[in-house]
Amino acid sequence: MTRGTLIYIVQRLAIIVLTLLVVSFVVFVVVHALPGNAFISQRVHGRSLQLLLHEYGLDQPVLIQYWNFLKGAIHGDLGVSLYIRGEQVTPLVLRELSVSCELGGAALIVTIGLGMTFGVLAAIRQNTWVDYLLTTLAVVGYTVPSFVIAGLGIMIFANFLGSVTGGAIAYSPVWTGTYGTIGELWLPALSIGLYTSGQITRITRASMLEVIQQDYIRTARAKGLREWVVTLRHALRNALVPVISILGTTVVGILVGVLVIENIFGIPGLGKEFVESILQHDYNVTVGVFTIFALLIGLSNLAVDLIYTVVDPRIRY
Amino acid sequence: MTPGKPHLGGAAAGRHRPSQAMLGLSLLAVVAAAACGSTSSASSSSSSAGLASSQVLKFPAFQNPGTWDPGEADAEVDTEFMQNVFDNLWRFDDSLNIVPDIATTVPTTANGGVSSDGLTYTVHLNQSATFNNGDKVTAQDVLYSWDRAVALQGAYSANLSAIAGYSDVQKAAGSPPASSTGSPEGFQQSIEDGLWGCFRGKGTAGATCNSSLELSGLTAPDGLTGYTVQIKLANACGWCLAAWTLEGTTGAIVDENAIHSDPVNWWTKPSGKTDGMVGTGAFYLASFIPKQSMVFKAVKNWWGSPKPTLTEVDVDIKDPSALATTVAAWKQGSYGIIGYGGDSGNLDYPTIESITSSTYSKDLLTQPKGRTTWLSFDIGYPKTGGPFVGESATAVGLRKAFDLAVDKTGLASTVCHDLLCTAATGGLITKGLTGYLGDNQDPLAQYDPTEAKQLLKQYDPTGTLTANLTYSYNTGGLNDPVAEYLQNDWQTNLGIHVNLNPVGDASQFISNRLGGQYEMSRDGWQFDYNNPQDWFDNLWGYLATAAGANTSGFDDPTYDSILKQADTEPIDQALPLYKQLAQILQQDVAYIPLYYSVGNFLIQPWVKGAGSNTGFDYYWDQISILSH
């Protein structure tokens, strides 16, 4: 790693920290400004409500509350949940983050695996039925939202297949533990991945088509290299640069997909929490989730920028 | 790629192979993955009749627990679980009768449990009762549990309000100190520290007893480790026994040994010897992963009866948006029940309709629940204004006009398809509960558009009073279609366009409603215990006003006076008085009755003993899993 790269990383990390501060402050102030709170109900009102607000420090000025939150957050303590009263937020959101990472990671594998495979196949079989089929699939994948794919998947693999086979072979839409098994994971991952892989397919195909017409590819073939060596080692590596350039936005797309898909499949991850915590006025959880999402996006973009230097040695920071 | 073929020409020759193979592999992977995720309902089955070898019940819950601390609990979803972990002195049986639980008898004047003046209760404890950590339940546990609940001042602390010394304890406990960490630890710790020296920690080093936190009306005549508790009331109370019996709330008996070590988070931890959620019920908490799952296990050699057949109850915590996948999983046999845990209102109409028209229809249990929904008028908040405020003939007449213009039976069939609710024709108190007036006995349930129009013409001939009215409600569930139905009925029958004010945030809506900020609003109540006091104290009159919960602002000296008297009488003498209160509200047209809620459960045929009454799920110790 060069000194320049190191300085670049430090600068980016400083920007990420600054971003986290801004995000946490804005979210904290906004969620506290929303009408309603986590405690009030038909049975909790009047003195009971005032006591709870006082107990949890919610009757203090919002800036003081934020300062208290920040003091804890610096030490890794995001405070306590208001909805599950007294529950520590940090272990809660970290566990949920790990669940989302599992799903997001699986979706990323589907995205890159399917997207690049389809893109390469479509390029090397240009203008054949394979090309038409895969590019059509890519367009369909790119235009159909992940929640529609999820709904269709549940109908086909859980309901239809379940009723046809009497439940012997069917997708079981029950997430049985903290982390999903392959049997539980594949459909949610596919729902997210199909959507984002469409874009990868199209970019990979276009990039590959450009690269395989280059002289050095012809030279490689003339040297007698096997086709898969030419395709994978010589063509694909150079075709990767534009693909990686959209990987940052793809990761964001996957994170957005996680938000939706976790709710549909009842997966206990950060995406499910994102919506729930806002509806439940669980302030500390909401701020924690937003901050972690901001951190994830910041870090993934940094990672993509660093991967550039590996794939394309011409790029230097 | 086939070996030995020329790599350039061969590429052309074998051009279709990689793509076909890839596609084929993809298809295979999908089918294989489907198979990986398969669940065969027959997997754990046995062909022989009787009990299945695995007695693990699994069901989803659509809400997270807010708190399982009986001193602080305030939600049905929580009490539905806690009734299996904690016991009270008495419990409600499946027919909502009060029966002995930790107490040996239900106290009456006849059996000597209640003094002739009705002010003193003597309770004998079952000497075999133990907590699941092995601690014996003695008088000190009752005293500690109830003192603590009063000091915490939670939503249900008023259930103990008739006991002598109630106000003194709350005054001594005071308000919690302002929190700089956002944690309630300081307040709860001070209560635990204050009580530790009074009971189980008595005599231990450093333990002191803050006697001001002890209810003066709660004593142990045979000593703290004895089995007799005496409860002295500050005033006669006809509803107290029912309120003390309400499971999972302030009447529940908790273990000071377990709470003392972690006063805030003890209930989130699995049950241990001296920590975690220790109770006296048939099940104990073995695992709790917030927002994910809970596991309860049967207590071995449990002291009570019936002895649990289930060995374990696994609960997946789901978001309501995952209903479709959850029902699909139930159909596959992954879940034994849907609807338990206070979630019987979560099955929507399309789901129920699809069930009723399928082979699963026999597995659908429909059970009226003790929840009534009505419309409240602003009667007592002049600041909010509107034509319904006050007791003038015009205000009452217009309320009556708006009431008679609504077809309640039509609402139940149109909005609820006669599946999700039934028309509220028997008064505010739901059918099946004490205080229900009888079918079609509520005059406000009538539908008479002709008289409605006449009343409108009489009291608002120019239409100025009723112009620009607004009906407010919190969105979601039946509330949106109900609002549209009401709007349509008023438009059709009165010629009045009422604006709808859907409020997306339920807590904001409730806050505004309790503050009397709506001229017409959706209102409702889910009963806590089977006594009319639960309704008439909490929703209208001076008590509701004092508690900040009088939605309509209705208050009337006659109502208050009858209420005071009714609350002190035994139920057989109090019932006619409560019916008078119902009549007062009807004559005043304080509300428009809309519907009674109906719960829907999906129960596998191999789950025996599961069910629900108007109030609660049947206890888990009644359930067993049959061979399937």
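Residues numbered from 1 in each chain as written. Chains lettered and ligands numbered in written order. Predicted model: local features only at pLDDT ≥ 70, side-chain atom pairs only at ≥ 80, totals over all residues.

Novice: Explanation requested: the overall build of chain B in the structure shown.
Specialist: On a plain count of helices and strands, chain B comes out with 19 helices and 18 strands. By the compact-globule yardstick of 25 Å for 628 residues, chain B fits well, its C-alpha radius of gyration being 28 Å. Along the first, second and third principal axes, the C-alpha atoms of chain B reach 100 × 75 × 55 Å. For chain B, with 628 residues in total, the buried portion stands at 54%. A fraction of 67% describes how many contacts in chain B between residues 6 or more apart in sequence connect residues 24 or more apart. (Helix = DSSP H or I, 4+ residues; strand = E, 2+ residues; numbered from the N terminus. Rg over C-alpha atoms; globule rule 2.2 N^0.38 Å. Buried ≥ 20, exposed ≤ 12 C-beta atoms within 10 Å, placed from the backbone. Contact = placed C-beta atoms within 7 Å.)

Novice: Whenever I open this one, the overall build of chain A confuses me. Can you help?
Specialist: A count of helices and strands for chain A gives 12 helices and 0 strands. Shown N-terminal to C-terminal, the secondary structure of chain A runs as helices and strands in the order α-α-α-α-α-α-α-α-α-α-α-α. With respect to the principal axes defined by its C-alpha atoms, chain A has extents near 85 × 65 × 25 Å. Going through the 317 residues of chain A one by one, you find that 46% of them count as buried.

Novice: Please clarify how the sheet that holds strand β5 (residues 218-219) of chain B should be interpreted in this entry.
Specialist: What holds strands together in a sheet is hydrogen bonding between their backbones, with the strands either parallel or antiparallel. Here 3 strands make up an open sheet; going across it, the order is β4-β6-β5 (chain B) and the pairing antiparallel. Of all strands in the sheet, those with a lone pairing partner are β4 (120-124) and β5 of chain B, marking the two edges. (Pairing = 2+ DSSP bridges.)

Novice: What is the right way to look at the confidence of the model for chain B in this model?
Specialist: Segments scoring low in pLDDT should not have their predicted coordinates read at a detailed level. Looking at chain B, the pLDDT average stands at 89 and 91% of residues meet or exceed 70. Scored as a complex, the prediction yields pTM 0.85 and ipTM 0.80. (pLDDT = per-residue confidence, 0-100.)

Novice: Can you help me understand the interface of chain B and chain A in this one?
Specialist: Quite often, the size of an interface is put as the accessible area lost when its parts meet. Opposite the 66 residues of chain B that make contact, chain A presents 65 residues. Counting only elements with at least two residues in the side of chain B that touches chain A, the list comes to α2 (16-36), α9 (323-331) and α15 (506-514) of chain B. The leading source of residues in the side of chain B that touches chain A is α2(B), at 7 residues. Split into classes, the residues belonging to the side of chain B that touches chain A amount to 26 nonpolar, 31 polar and 9 charged. (Nonpolar A, V, L, I, M, F, W, Y, C, P; charged D, E, K, R; others polar.)

Novice: Sorry if this is basic, but what is going on with the pairing of strand β15 (residues 520-526) of chain B here?
Specialist: Successive residues of a regular strand alternate their side chains across the two faces of the sheet. Residue and element names in this part refer to chain B. Most of β15 sits out of view: 5 of its 7 residues are buried. In this sheet, β15 lies alongside strand β11 (residues 364-377) in antiparallel orientation, the contact comprising 7 bridges. Residue pairing in the sheet places Phe377 in a bridge with Met520 of β15. Where strand β13 (residues 470-474) lies against β15, 2 bridges are found, and the strand directions are parallel. Within β15, the residue paired with Tyr471 across the bridge is Met520.

Novice: Could you clarify how one ought to interpret helix α3 (residues 62-74) of chain A in this entry?
Specialist: It helps to recall that an α-helix has 3.6 residues per turn; residues three or four apart then point in one direction. All names here are of chain A. Over its 13 residues, α3 runs 18 Å from end to end, which matches the ideal 18 Å to within 8%, given 1.5 Å per residue. Of all the positions in α3, only Gln65, Phe69 and Ala73 are classed as buried. For α3, the buried positions fall inside an angular range of 70 degrees around the axis, keeping them on one side. Residues Leu63, Ile64, Lys71 and Ile74 are exposed on α3 and point more than 90 degrees away from its buried face. Against the buried residues of α3 lie α1 (3-33) and α12 (283-311). (Expected span 1.5 Å × (residues − 1). Arc of directions from axis to C-beta.)

Novice: Mind showing me how you'd approach the sheet that holds strand β8 (residues 293-298) of chain B here?
Specialist: Residues and elements named next belong to chain B. One open sheet accounts for 4 strands, arranged β1-β9-β8-β7; its pairing is mixed. Bordering the open sheet on either side are β1 (56-61) and β7 (283-289), each of which pairs with just one other strand. Geometrically, the sheet is characterised by an average inter-axis angle of 20 degrees between neighbouring strands, direction not taken into account. For β8 and strand β9 (residues 312-317), the ladder comprises 5 bridges, and the chain directions are antiparallel. Its bridge partner lying in β9, Phe296 is registered against Val313. (Axes fitted to C-alpha atoms, helices over the stretch in contact; angles between N-to-C directions.)

Novice: Help me understand the packing of α1(A) against α12(A) in this model?
Specialist: A pair of packed helices is characterised by two quantities: the angle between their axes and the separation of those axes. Residues and elements named next belong to chain A. With their axes 9 Å apart at the nearest point, α1 and α12 run at an angle of 160 degrees to one another. If you check the angle between α1 and α12, you find them roughly antiparallel. Where α1 crosses over α12, the handedness of that crossing is right-handed. Contacts between α1 and α12 involve Thr5, Arg12, Ile16, Thr19, Leu20, Val23, Ser24, Val27, Phe28, Val31 and His32 from the first element and Tyr283, Thr286, Val287, Phe290, Thr291, Ala294, Leu295, Gly298, Leu299, Leu302 and Thr309 from the second. (Parallel < 35°, antiparallel > 145°, perpendicular 65-115°, else oblique. Left-handed = near helix turned anticlockwise from the far one by under 90°.)

Novice: What's the story with the packing of helix α9 (residues 227-245) of chain A against α12(A) in this structure? I'm lost.
Specialist: Residue and element names in this part refer to chain A. Put simply, α9 and α12 touch, their axes get as near as 10 Å, and they point 170 degrees apart. In terms of orientation, α9 lies roughly antiparallel with respect to α12. Only Val304, Ile307, Tyr308 and Val311 of α12 make contact with α9, whose side of the interface consists of Leu240, Val241 and Ile244.

Novice: Would you explain the environment of Gly226(B) in this entry?
Specialist: As for its placement among the helices and strands, Gly226(B) is situated in the loop between β5 and β6 (228-232). When near neighbours in sequence (up to four residues on either side) are disregarded, Gly226(B) contacts Thr138(B), Ala139(B) and Ala220(B).

Novice: Hey, could you run me through the environment of Asn159(A) in this one?
Specialist: Position of Asn159(A) among the secondary structure elements: in helix α6 (residues 146-164). Separated by 13 residues in the primary sequence, Asn159(A) and Ser172(A) place their C-alpha atoms 9.3 Å from one another.

Novice: Looking at this model, I keep getting lost on unusual backbone geometry. Mind explaining?
Specialist: With the exception of glycine, the majority of residues adopt a negative phi angle, and the majority of peptide bonds are in the trans configuration. A cis geometry characterises the amide bond from Ser305(B) onward to Pro306(B), with omega recorded as -5 degrees. Mapping Pro306(B) onto the fold places it in the loop between β8 and β9. For Asn127(A), which is not glycine, the phi torsion reads 65 degrees and is therefore positive. On the secondary structure map, Asn127(A) appears in the loop between α4 (89-124) and α5 (129-143).

Novice: I'm lost on the confidence of the model for chain A in this one. Help?
Specialist: Looking at chain A, pLDDT values average 88 and 100% of them are 70 or higher. The least confident element of chain A, judged by mean pLDDT, is α9(A) at 83; the most confident is α1(A) at 93.

Novice: I tried to follow the pairing of β6(B) on my own but got confused; where do I start?
Specialist: All names here are of chain B. Burial along β6 is one-sided: the residues Val229 and Ile231 are buried and none of Thr228, Gln230 and Lys232 is. Across 5 bridges, β4 lies against β6 in antiparallel orientation. Of the residues in β6, the one forming a bridge with Val123 is Val229. Two elements, β5 and β6, share 2 bridges in a ladder whose sense is antiparallel. Bridged to Leu218 within β6 is Ile231.

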